[in-house]
Amino acid sequence: MKRPVVAIDGPAGAGKTTVTRRVAERLGYLLVDTGALYRAVALAAVRLGVDWSDETAVGKLAHDLAERSSIRMEPDARRGQRILLEGEDISDAIRTQQIAEGASRVSAIASVRAALLDLQRAAGSSGAVVLEGRDIGTVVFPNAQAKFFLTASVEVRARRRLAELTARGISADPSAVLREVVERDQRDSTRAVAPLRRAPDAALVDSSQLSVEEVADQIVEKVRRVEQEMRSAHGTGGER
């Protein structure tokens, strides 16, 4: 029996990547970090000398990468998922502050989103998948059976981002990180194409005062209920 598509959306720094990985592990579902696709496009643009503000060139690049299946997602025992660009593992290379900024900018380009949409939908077409992003429940999988909007206060998200950078040996000014989080929120929520917003039927989860395990507990519990409902519906349908 088909199992649900789990959509986890939310702003930068809400803990989506860690939570999504934990939820996928506990459910035994495939993990798909859709934001990594946009980061891959941003990195490819940097390497090719394409300016992120050149919408035509970036859109063409994204279309070419998608058409040639140059960006691939594969399961990874340590990270849950790894990202390949032209066969190279770029999972670590796309986690810099610079590429995070680039991902936010290229994701606002309509042609880029269109180019990557089919890749995202194909990854979740069979169900039993947890997708992380900013428009999964509103655009990519509007009919996902289990939707969540994971958020936290701006201050908490900035502290988490700073800790993440520090853990990687990257020095950053706390006030600058806070400013970048606020600016990215503004950019992501006001862009013309697929803006960041909570789907009407998405459960709101505020992680400001919760541990990763507590957040994962809430989401897994809800998904298990959805699984039961789908089994019941399937059984009822089969008896007719």
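The coordinates are above.
In short, a report on the structure. Quantities reported herein were computed from a predicted structural model and do not represent experimental measurements.

### A short note on the overall build of the protein chain
The helix and strand inventory of the protein chain stands at 9 helices and 8 strands. By the compact-globule yardstick of 18 Å for 240 residues, the protein chain fits well, its C-alpha radius of gyration being 18 Å. By its C-alpha atoms, the protein chain is 60 × 40 × 35 Å across when sized along the principal axes. Here the protein chain holds 240 residues, and the buried ones make up 48% of them. Long-range contacts, defined as pairs at least 24 residues apart, comprise 76% of the intrachain contacts of the protein chain with a sequence gap of at least 6. Taken as a whole, the protein chain presents about 11400 Å² of accessible surface, with 50% of it coming from carbon and sulfur. Put simply, the protein chain has 36 plus and 34 minus side-chain charges, and the middle of one group is 2 Å from the middle of the other.

### Some remarks on the sheet that holds strand 5 (residues 88-89)
Pairing within the open sheet is antiparallel, and its 3 strands lie in the order 3-4-5. Every other strand in the sheet has two partners, leaving strand 3 (71-76) and strand 5 as the edge strands with one partner each. Pairing analysis gives 2 bridges linking strand 4 (residues 80-85) to strand 5, with the strands arranged antiparallel. The partner of Leu 84 across the bridge, within strand 5, is Asp 89.

### Describing the packing of helix 2 (residues 35-48) against helix 3 (residues 55-67)
The geometry of helix 2 relative to helix 3 is characterised by a closest axis approach of 10 Å and an angle of 115° between their N-to-C directions. Regarding the angle of helix 2 to helix 3, the classification is roughly perpendicular. Between helix 2 and helix 3 lies a crossing of right-handed hand. Contacts between helix 2 and helix 3 pair Val 41, Ala 44, Ala 45 and Leu 48 from the former with Val 58, Leu 61, Ala 62 and Leu 65 from the latter. Looking at the contact of helix 2 with helix 3, its residues break down into 8 nonpolar, no polar and no charged.

### Considering the sheet that holds strand 8 (residues 203-206)
Here 5 strands make up an open sheet; going across it, the order is 2-6-1-7-8 and the pairing parallel. Two strands in the sheet have a free side with no partner beyond their single neighbour: strand 2 (30-33) and strand 8. Neighbour to neighbour, the strand axes of the sheet diverge by 20° on average, direction disregarded. Here 4 bridges tie strand 1 (residues 5-9) to strand 7 (residues 146-151), and the two strands are oriented parallel to one another.

### Some details on unusual backbone geometry
At Ser 69, a position not held by glycine, the phi torsion is positive, near 55°. Looking at the element boundaries, Ser 69 is found in the loop between helix 3 and strand 3. One non-glycine residue, Ala 194, lies in positive phi territory at about 45°. Examined against the element boundaries, Ala 194 turns out to sit in the loop between helix 8 (174-190) and strand 8.

The rules behind each value
- Residues numbered from 1 in each chain as written.
- Predicted model: local features only at pLDDT ≥ 70, side-chain atom pairs only at ≥ 80, totals over all residues.
- Heavy atoms only, no water.
- Helix = DSSP H or I, 4+ residues; strand = E, 2+ residues; numbered from the N terminus.
- Rg over C-alpha atoms; globule rule 2.2 N^0.38 Å.
- Buried < 20%, exposed > 50% of the residue type's maximum accessible area, 1.4 Å probe, protein only.
- Contact = heavy atoms within 4.5 Å.
- Areas by Shrake-Rupley, 256 points an atom, 1.4 Å probe, with all protein chains shown as cover.
- Lys, Arg positive; Asp, Glu negative; His and termini not counted.
- Charge placed at Lys NZ, Arg CZ, Asp CG, Glu CD.
- Pairing = 2+ DSSP bridges.
- Axes fitted to C-alpha atoms, helices over the stretch in contact; angles between N-to-C directions.
- Parallel < 35°, antiparallel > 145°, perpendicular 65-115°, else oblique.
- Left-handed = near helix turned anticlockwise from the far one by under 90°.
- Nonpolar A, V, L, I, M, F, W, Y, C, P; charged D, E, K, R; others polar.

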